[in-house]
Amino acid sequence: MSERTLLSSRQMATFVARGFLRLDAVVPDDINEQFLDEVGRPPQPGESVRALYAKLLSGSGIPTVAAGTPLADAYPPTSAVSRVLHLPVVRGAIESLVGPAPRFDHHFLHVTFPPEFYAARGLPNVSQHTHQDSTIDPRRAFDVQIMYYPHAVTPEMGGTRLVPGTHLRIVSEAAIGRYQNIRGQQHIVCPAGTLVFLHHGIWHGGGVNRSAALRYMFKIRINPTVRQQRLWDTSDLPNDHFEQRPIFLLKDAPDPNSVHTILTTPEPWFEADTGRLEYLNRIRLWRYLLGDERFDADYWLTRIENEPTASTAG
Amino acid sequence: MQQVIAFAILRRLMKRQQVLVLYLADSALDSHVVAWSQWDGTGRREHMAGDAEQPPYSTGLAALRDGWRLIQMAPLQPHAPGAEFATAYLKYEFVFEQWIDIDV
């Protein structure tokens with residue numbers, strides 16, 4: 001096995017709370033250049049975007065891979081994607097999230113075309129509706145989607161839009177398409193070689209590209225083949241991890257690096273009541289990853305699980 | 001009478017609907033906006049996903065006071081047994097409209 005850098009507990013807790021982990025510029029330029037070479041030359045405007053897309057995909061050097069293939073067998077060893085997946089930081093993130101031998105689910109080259117491609121056909125150039133990938137998925141186990149940005153993404157290019165903290169909401173794919181803007185939404189404007197690891201449930205959509213260049217994003221979905229339990233570097237879990245701390249009436253700001261704080265930090269879009277349900281669901285996911293039902297953060301689950309059975313009757 | 005009806009129909013034809021959907025933090029119209037969407041039947045503006053970082057109004061009440069007409073609010077539903085902690089779609093949806101004169 002090659003070298004890998006596992007995620008820390010803080011990174012894992014952040015993934016549990018927010019549903020994504022962004023690693024800027026972790027892929028070296030030579031791999032980025034190799035990937036763009038393997039994708040092939042950008043098409044010229046004129047034909048329909050759908051036809052150009054088909055031409056781009058069929059002409060690219062990215063292989064077709066059967067769903068369910070071991071990820072380790074999905075790409076030729078010298079290909080750019082294989083080199084990305086073998087970077088220590090990428091191996092470590094994958095192993096921390098879905099284990100050492102995940103399955104390949106699917107991949108896709110997302111290309112967002114500049115306005116002239118739409119203007120040439122008299123079509124509107126609009127962003128992609130907000131959606132959750134795949135279909136209704138109520139599992140506690142989760143898949144990971146890796147988004148790879150082989151070139152710098154500028155604000156004019158739009159970037160992928162994602163809404164932190166939405167991943168634990170059980171919705172049906174494009175049913176959320178009517179939500180145009182959500183407080184706290186992020187646009188992935190990033191340097192070349194950036195990777196974003198997503199929980200499969202996060203709400204997202206492609207931003208509109210108003211630049212003169214094509215925007216590329218390569219996405220790989222992978223499935224765990226083992227129970228996702230303590231797969232990350234747990235050596236930094238503090239000794240008081242299972243202890244409760246004062247809540248509501250506080251005299252000092254809570255430690256922002258504490259797992260408890262990370263799991264109970266709201267997103268700007270949280271509704272007053274369901275924001276609390278988000279905390280419960282995050283804590284349940286953290287329990288699942290720890291493999292320990294004793295964990296709680298700020299008493300949210302302990303309170304509602306308290307059903308005493310002891311009797312004062314003699 | 002026919003002239004009055006014809007005039008009313010003509011007036012209607014010269015108007016287009018704008019729709020504003022605000023998602024609020026709780027069921028009160030004066031709670032703050034957490035998400036929003038707009039569609040403009042006049043064709044003057046193309047709203048789309050991800051096109052704004054700040055909502056057009058801070059609360060639903062602010063939209064009312066600016067002349068938007070509330071036409072629907074999400075009902076409060078009891079929680080299904082066994083699914084009390086499930087989260088899914090945004091819960092407090094308020095739909096507003098305006099009718100805008102257009103040149104025909």
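Since we're looking at a predicted model, the values are computed, not measured. (Residues numbered from 1 in each chain as written. Chains lettered and ligands numbered in written order. Predicted model: local features only at pLDDT ≥ 70, side-chain atom pairs only at ≥ 80, totals over all residues. Heavy atoms only, no water.)

1. Considerations on the sheet that holds strand β4 (residues 160–163) of chain A
All names here are of chain A.
No. 1: Spatially, 3 strands are ordered β6-β4-β8 in an open sheet, and the strand pairing comes out antiparallel. Lying at the two open borders of the sheet, with one neighbouring strand each, are β6 (186–187) and β8 (203–206).
No. 2: With 2 bridges joining them, β4 and β6 adopt antiparallel strand pairing. Each residue of the ladder has a partner; that of R161, found in β6, is H187. (Pairing = 2+ DSSP bridges. Helix = DSSP H or I, 4+ residues; strand = E, 2+ residues; numbered from the N terminus.)

2. Comments concerning the interface of chain B and chain A
No. 1: Taken together, the contact between chain B and chain A spans 31 residues of the former and 38 residues of the latter.
No. 2: Each partner contributes to the roughly 2800 Å² buried at the junction of chain B and chain A, and carbon and sulfur atoms together form 50% of this total.
No. 3: Across the chain B-chain A interface, the total number found is 2 salt bridges.
No. 4: For the salt bridge of D273 of chain A with K91 of chain B, the shortest nitrogen-to-oxygen distance reads 2.6 Å.
No. 5: Of all elements in the fold, only β1 (15–24) and β2 (33–40) of chain B reach the threshold of two or more residues within the side of chain B that touches chain A.
No. 6: The biggest single contributor to the side of chain B that touches chain A is β2 of chain B, with 7 residues.
No. 7: Within the side of chain B that touches chain A, the residues separate by chemical class into 18 nonpolar, 6 polar and 7 charged. (Contact = heavy atoms within 4.5 Å. Buried area = accessible area lost by both parts, 1.4 Å probe. Salt bridge = Lys/Arg side-chain N within 4 Å of Asp/Glu carboxyl O. Nonpolar A, V, L, I, M, F, W, Y, C, P; charged D, E, K, R; others polar.)

3. Some thoughts on the confidence of the model for chain B
No. 1: In the predicted model, chain B carries a mean pLDDT of 93, and the fraction of residues at 70 or more is 96%.
No. 2: Across the predicted assembly, pTM comes out at 0.94 and ipTM at 0.94. (pLDDT = per-residue confidence, 0-100.)

4. Topic: the pattern of salt bridges
All names here are of chain B.
No. 1: For the coordinates displayed, the defined rule picks out 20 salt bridges over all chains.
No. 2: Here K15 makes a salt bridge to D101, at a shortest N to O gap of 2.8 Å. A residue pair is termed long-range when its members are at least 10 positions apart, and K15 in strand β1 and D101 in strand β4 (residues 93–101) qualify at 86 residues.
No. 3: Owing to a relative accessible area of 43%, D101 belongs among the partly exposed residues under this scheme. (Buried < 20%, exposed > 50% of the residue type's maximum accessible area, 1.4 Å probe, protein only.)

5. Side note on the pairing of strand β9 (residues 215–223) of chain A
All names here are of chain A.
No. 1: The buried fraction of β9 amounts to 9 of the 9 residues, a majority that puts the element mostly inside the structure.
No. 2: Taking every second residue as pointing to the same face, both faces of β9 are buried, with R215, M217, K219, R221 and N223 on one and Y216, F218, I220 and I222 on the other.
No. 3: Two strands pair when backbone bridges link them, and strand β2 (residues 103–112) and β9 are joined in this way by 9 bridges, in the antiparallel orientation. In the sheet register, R103 faces β9, and the bridge partner there is N223.
No. 4: In terms of strand pairing, strand β3 (residues 144–149) meets β9 through 5 bridges, oriented antiparallel. Bridge assignment links V144 to a residue of β9, and that residue is I222.

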